[in-house]
Amino acid sequence: MLKNCKKEKACMYNIDNVREDFPILIRQVYGRPLVYLDNGATTQKPRCVVEAMVDEYYNVNANVHRGVHFLSQQATELHEQSRETVRRFIGARSASEVLFTRGTTESINLLAFSFGEAFLREGDEVVVSAMEHHSNIVPWQMVCERKGARLRVIPMTDAGTLCMDAYRQLLSERTRIVCCTHVSNVLGTVNPVEEVVREAHRHGIPVLIDGAQSTPHFPVDMQQLDCDFFAFSGHKIYGPTGIGVLYGKEEWLEKLPPYQGGGEMIKNVSFERTTYNELPYKFEAGTPDYVASHALAVALDYVSALGMENIYQHEQALTRYAMEQLQQLEGMRIFGPPAAEGQHDAVVSFLVGNIHHLDMGTLLDRLGIAVRTGHHCAEPLMHRLGIEGTVRASFGLYNTKDEVDALVAGIERVRKMF
Ligand SMILES: Cc1ncc(COP(=O)(O)O)c(C=O)c1O
């Protein structure tokens, strides 16, 4: 399946070979070479991922799980092999702990709904952190509202790290679940999630980790993290859009009711009563995106062949370099912890003087540089920082020092225009 990606031949992390795997990177925008620094929003796709999708539609396509015929069995096999690939990639104990969803957002909505139905009562508390993406706030807010429960927030230091003492004090006999992001999509903060989990478990409280911004950047292992639930999106790790994962420990998933009803999630249906399918199918109503699940597995094989540790080293070096260079610019204000080892992931959020983030983003775009501007779906975090938004450059496995230099030169050029 990796036959069309160069890295199959190169066991070393060779940036030139890697870039050739991503056809879009040779594009020009406004007559300039594309500098794609919006990987936190979505990543570009290597040829092998796109071709796996085309190949499946051309040669295998059939609905999974329900057919006796050849194609259906082959599509089912690819879909279930993909679940096994995800299991291996995140170190889950069993493939039945891997639920396919549409992405992190749907994973968290699934959990908030099911967990809320089973375990949330009036007066209970759900703990989230001050640096969550809206998708790890709003689903919990919605279920709290329905159940009369309360959302509690782990505060953040001015340096952009979690106040762990305050966290410990928040945990009580009323706390039902802790929901925390692994890496902030705005600040790049890598949270001490193992400690978050340990503290919660001391009180018998389960933990959801939002892995949308960690999974693409460094190895994640469910046994090491020991979290009870973990969510991530395929499109942020070089896979297709519309596919994601919710990992849950089997003992928890067994206790939760289904999220949606329909085909696939049932054992028997009558007008009097329905019994539900076993894991993971209990949570997967309707035809799954079996083409996307397969392409996600191809993407995970792709990054695994490059080596998640190599990707981490490459992106850490790039982030450190970017922060060093950016800090030298006049009026530069970078948000989040310093780029010390293990504390700051491949995201740099900044503002320059009084230049509005939208102006900076728009003018950088004209230079061919794609960054994101605004509140990054983290409005409460913006309120905490006392700002409306930032400019965010986020790196992927194919970005280079030259591209960081282009960003720095671009910002300097924009700054001089104001
Ligand atoms: C930390 C974090 N959580 C959740 C999400 C939502 O991911 P998706 O839109 O793929 O569901 C994002 C997306 O940017 C994110 O950065």
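Residues numbered from 1 in each chain as written. Predicted model: local features only at pLDDT ≥ 70, side-chain atom pairs only at ≥ 80, totals over all residues.

*Asks:* Could you clarify how one ought to interpret the packing of helix 2 (residues 47–59) against helix 10 (residues 290–306) in this entry?
*Replies:* Think of two packed helices as two axes; the pair is described by the angle between the axes and how far apart they sit. In contact at an axis separation of 9 Å, helix 2 and helix 10 are set at 150° when each is read in the N-to-C sense. By the angle between their directions, the pair helix 2 and helix 10 is classed as roughly antiparallel. When you trace helix 2 past helix 10, the crossing you get is right-handed. Each of Cys48, Val49, Ala52, Met53, Glu56 and Tyr57 in helix 2 lies in contact with helix 10, whose residues at this interface are Val291, His294, Ala295, Val298, Ala299 and Tyr302. Its residues placed into classes, the contact of helix 2 with helix 10 shows 10 nonpolar, one polar and one charged. (Axes fitted to C-alpha atoms, helices over the stretch in contact; angles between N-to-C directions. Helix = DSSP H or I, 4+ residues; strand = E, 2+ residues; numbered from the N terminus. Parallel < 35°, antiparallel > 145°, perpendicular 65-115°, else oblique. Left-handed = near helix turned anticlockwise from the far one by under 90°. Contact = placed C-beta atoms within 7 Å. Nonpolar A, V, L, I, M, F, W, Y, C, P; charged D, E, K, R; others polar.)

*Asks:* Whenever I open this one, the packing of helix 11 (residues 308–327) against helix 14 (residues 401–417) confuses me. Can you help?
*Replies:* Packing of helix 11 against helix 14 brings their axes to within 10 Å, and their N-to-C directions diverge by 25°. Judged by the inter-axis angle, helix 11 sits roughly parallel to helix 14. Seen along the crossing, helix 11 lies across helix 14 with a hand that is right-handed. For the pair helix 11 and helix 14, the contacting residues are Leu318, Tyr321, Ala322, Gln325 and Leu326 in the first and Lys401, Val404 and Val408 in the second. Its residues assigned to classes, the contact of helix 11 with helix 14 comprises six nonpolar, one polar and one charged.

*Asks:* What should I look at first to understand the environment of His294 in this one?
*Replies:* With respect to the element layout, His294 can be found in helix 10. Accessibility expressed as a C-beta count within 10 Å gives 27 for His294, which makes it buried. Distance in space between the C-alpha atoms of His294 and Ile108 is 22 Å, their sequence separation being 186 residues. Non-local contacts of His294, meaning those with residues more than four positions away in its chain, are made with Ala52, Glu56, Leu78, His79 and Ser82. (Buried ≥ 20, exposed ≤ 12 C-beta atoms within 10 Å, placed from the backbone.)

*Asks:* Would you mind going over the sheet that holds strand 6 (residues 150–154) with me for this structure?
*Replies:* What holds strands together in a sheet is hydrogen bonding between their backbones, with the strands either parallel or antiparallel. Strand order in the open sheet made by the seven strands is 4-10-9-8-7-5-6, with mixed pairing throughout. Two strands close off the open sheet at either side, each with one partner strand: strand 4 (98–101) and strand 6. Across the sheet, the axes of successive neighbouring strands diverge by a mean angle of 20°, strand direction being ignored. With five bridges joining them, strand 5 (residues 125–129) and strand 6 adopt parallel strand pairing. Residue pairing for strand 6: Val126 is matched across the bridge by Leu151. Together, strand 4, strand 7 (175–181), strand 8 (207–210), strand 9 (229–233) and strand 10 (244–248) form the strand contacts of helix 4 (residues 104–119), whose direction differs from that of strand 10 by roughly 35°. (Pairing = 2+ DSSP bridges.)

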